[in-house]
Amino acid sequence: MAPILRMFLQLCAMLAVAASLASCADRPGPNLLHPVTGAAGVGTPVNVLVATTRKRSDTDSLDFTSNRNFGLSYERYTISVPPNHVPGKIEWPSAPPGDPARNFVVLSAGQLDGNGFDKSLFAGKKGGGDVIVFIHGYNTNYQEAVYRVAQLSKDSGFPGAVVAFAWPSMGTLTGYVADREASTYSRDYFEDFLNELARAPGVKRIHIIAHSMGNWLTVETLRQAKMRGNSAFLPKLGEVFLMSPDIDVTVFRTQLDAIGKLNEPITVGVSRDDRALGASQRLAGDVPRVGNVLLEDPKAQAAIKRYGLRVIDMSDSKSIDSLNHSKFVSILPALNEVTRNDAMVARGSAVSRTGVFVVDTAGSILTAPLRLGQAVLGQ
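Residues numbered from 1 in each chain as written. Predicted model: local features only at pLDDT ≥ 70, side-chain atom pairs only at ≥ 80, totals over all residues. Heavy atoms only, no water.

Caption draft 1: Summary view of the sheet that holds strand β1 (residues 44-56). Strand order in this open sheet of ten strands is β3-β2-β1-β5-β4-β6-β7-β8-β9-β10, and the pairing throughout is mixed. Lying at the two open borders of the sheet, with one neighbouring strand each, are β3 (105-112) and β10 (355-358). Sheet twist, expressed as the mean angle between neighbouring strand axes with direction ignored, is 20°. Note: strand β4 (residues 130-135) against strand β5 (residues 161-166), five bridges, orientation parallel. In the strand pairing of β5, V131 is matched with A161. Sheet strands touched by helix α3 (residues 142-156): β1, β2 (64-81), β3, β4 and β5. Its angle to β1, the strand with the most contacts, is close to 145°. Most of the contacts of helix α10 (residues 332-346) go to strand β7 (residues 237-243), to which it runs at about 150°, and overall it touches β7, β8 (267-270) and β9 (310-313). (Pairing = 2+ DSSP bridges. Helix = DSSP H or I, 4+ residues; strand = E, 2+ residues; numbered from the N terminus. Axes fitted to C-alpha atoms, helices over the stretch in contact; angles between N-to-C directions. Contact = heavy atoms within 4.5 Å.)

Caption draft 2: Structural detail: the nonpolar core. Among the nonpolar cores identified, the biggest contains 54 residues, and L121, V133 and F193 are the most heavily contacted of them. Setting aside chain neighbours within four positions, we find L121 in contact with L49, A161, V163, L197, A200 and V203. (Core = buried A, V, L, I, M, F, W, Y, C linked by side-chain atoms within 4.5 Å. Buried < 20%, exposed > 50% of the residue type's maximum accessible area, 1.4 Å probe, protein only.)

Caption draft 3: View of unusual backbone geometry. Residue P96 is joined to P97 through a cis peptide bond whose omega torsion reads 5°. Turning to its location among the elements, P97 is positioned in the loop between β2 and β3. One non-glycine residue, N324, lies in the positive phi region at around 55°. Examined against the element boundaries, N324 turns out to sit in the loop between β9 and α10.

Caption draft 4: Seen up close, helix α6 (residues 214-228). End to end, α6 covers 21 Å across 15 residues, agreeing with the expected 21 Å (1.5 Å per residue, within 8%). Most of α6 sits out of view: eleven of its 15 residues are buried. When we look at burial in α6, the residues that qualify are G214, N215, W216, L217, T218, V219, E220, T221, L222, Q224 and A225. (Expected span 1.5 Å × (residues − 1).)

Caption draft 5: Structural context of the packing of aromatic side chains. Under the defined criterion, the tally for this structure stands at twelve aromatic pairs. Residues Y77 and Y142 carry aromatic rings whose centres are separated by 6.5 Å and whose planes lie at 55° to one another, so their mutual orientation is tilted. In this pair, Y77 is assigned in strand β2 and Y142 in helix α3, connecting sequence segments 65 residues apart. In this structure Y77 comes out as buried when scored by relative accessible area, which is 1%. Judged by its relative accessible area of 0%, Y142 falls in the buried class. Consider the rings of F165 and F190, whose centres lie 4.7 Å apart with planes at 45°: the pair is tilted. Placement of F165 in strand β5 and of F190 in helix α5 (residues 187-199) is noted, with a sequence separation of 25 residues between them. On the basis of relative accessible area, F190 is assigned to the buried category, the value being 0%. Above the face of the Y185 ring, R68 is positioned so that its terminal group lies 5.6 Å from the ring centre. Sitting above the plane of the W216 ring, R180 keeps its charged end 5.1 Å from the centroid. (Phe/Tyr/Trp six-rings, centres within 6.5 Å; stacked < 30°, edge-to-face > 60°. Lys NZ or Arg CZ within 6 Å of the ring centre and 35° of its normal.)

That is the geometry; function is a separate question.
Below, the structure written as C-alpha cells:
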C-alpha cells in the first residue's frame, strides 16, 4: 500500500472514531431546511443570509448539494432558536420537522437574486453597516452551515447582518481531499462575493470568521485580492478571525508575506489538543497546521510582531465536539473583546495589542498570564 494512501486511511479511521464518540445521532438532512408551520412566537427568530457555490438540488429547491456550481446562489432564512438554547450548541431535532420549543427550526426560506440579497442585508436590523461572513470547514453539509451561522448570530448578539458563505464540502469523513479542492475552487467566487458585498448599500465594514479548512479559502482569497490590489472589499475589511486553521505553517508564512498589512490585525485561534488537525498533520507528512501549533517557543515573538498577529490560545476552553476542533463556538466573548479593543484603538482610547492571549473555559480572554511566543509561523 502506498504511504500516502495508508496515511489517508489512517486519517479517515481516526476521524470516524472521533465522530462516533462525538455523537450517535444522524447527520441533519435537507428536510430540516423546510419551514415549520405554527412555530412563530415560540422561540427567538434569527435572520441569516447565505451565498453559496454549491449546486441547487434538482429534486428539492430548498436544498444545495455538494456539487460545484458555476456562479453564486443566494438564500435567506429565518430560523427560530428555542427558549432552552444553550450558548454554543445547536439543539437539533431528533427527527424532522422538530419542536420549536426545544429545537432550532426554519420559519421561512426563499431564493434571492443579487439585488434581493443586498436589500435583505439589514432588513429588520437595528445596527446597520457591519456584516459578518462565516466560512465553514471540512465535512460540513449545507444545512449544518446554515444552522451554525444562525447559532453564531444568536450567541454573539451581533446587531448587523450575518452571512454564511457555503462552499461545496462533500460533508463526508472520506471527502478531505475533495473538500480541499472544492475550497480552492471557490476562491474567485468568494472574492467576487466580498466585492459585491462591499458595494451593497449601507455596508461599511465586513468581518470574517473562518473555521478549519474554511481558513484555506479565506487566506487564499485575501492573498489574491492583495496581489490584485484593486478589490473593492479591502478598504472595508474589518476583523479577520482564523479559527483552528487547517493550513500548513510554512505555506501560511508565504501567504502572509503576500497579504501584508490589513486594516486590523489578523486574529488566529489555536489549540494544542485539536485532534482533527492532528490527523490532518499526519496526512500532510507531519507538517504542523497553523491551528494546532505548540505554544512554548519564544522565538515566535518576533514573527508575531513581524506580521502583526494576535493569537488566541483556546487550549483550556471548552469544545462542543470530542475532536476539540470547534472551540471557536465557545469563545465568542473573546472575539467580541478583540473587536471592542480595535474599535477603541480607532478612537484613540486604547493601545493595540499583538501576541498570544489565553482564553479561559468561559470563553473570556485572561489578562494574565500572557504566554507570548509560539511556533505558528515556524522558524
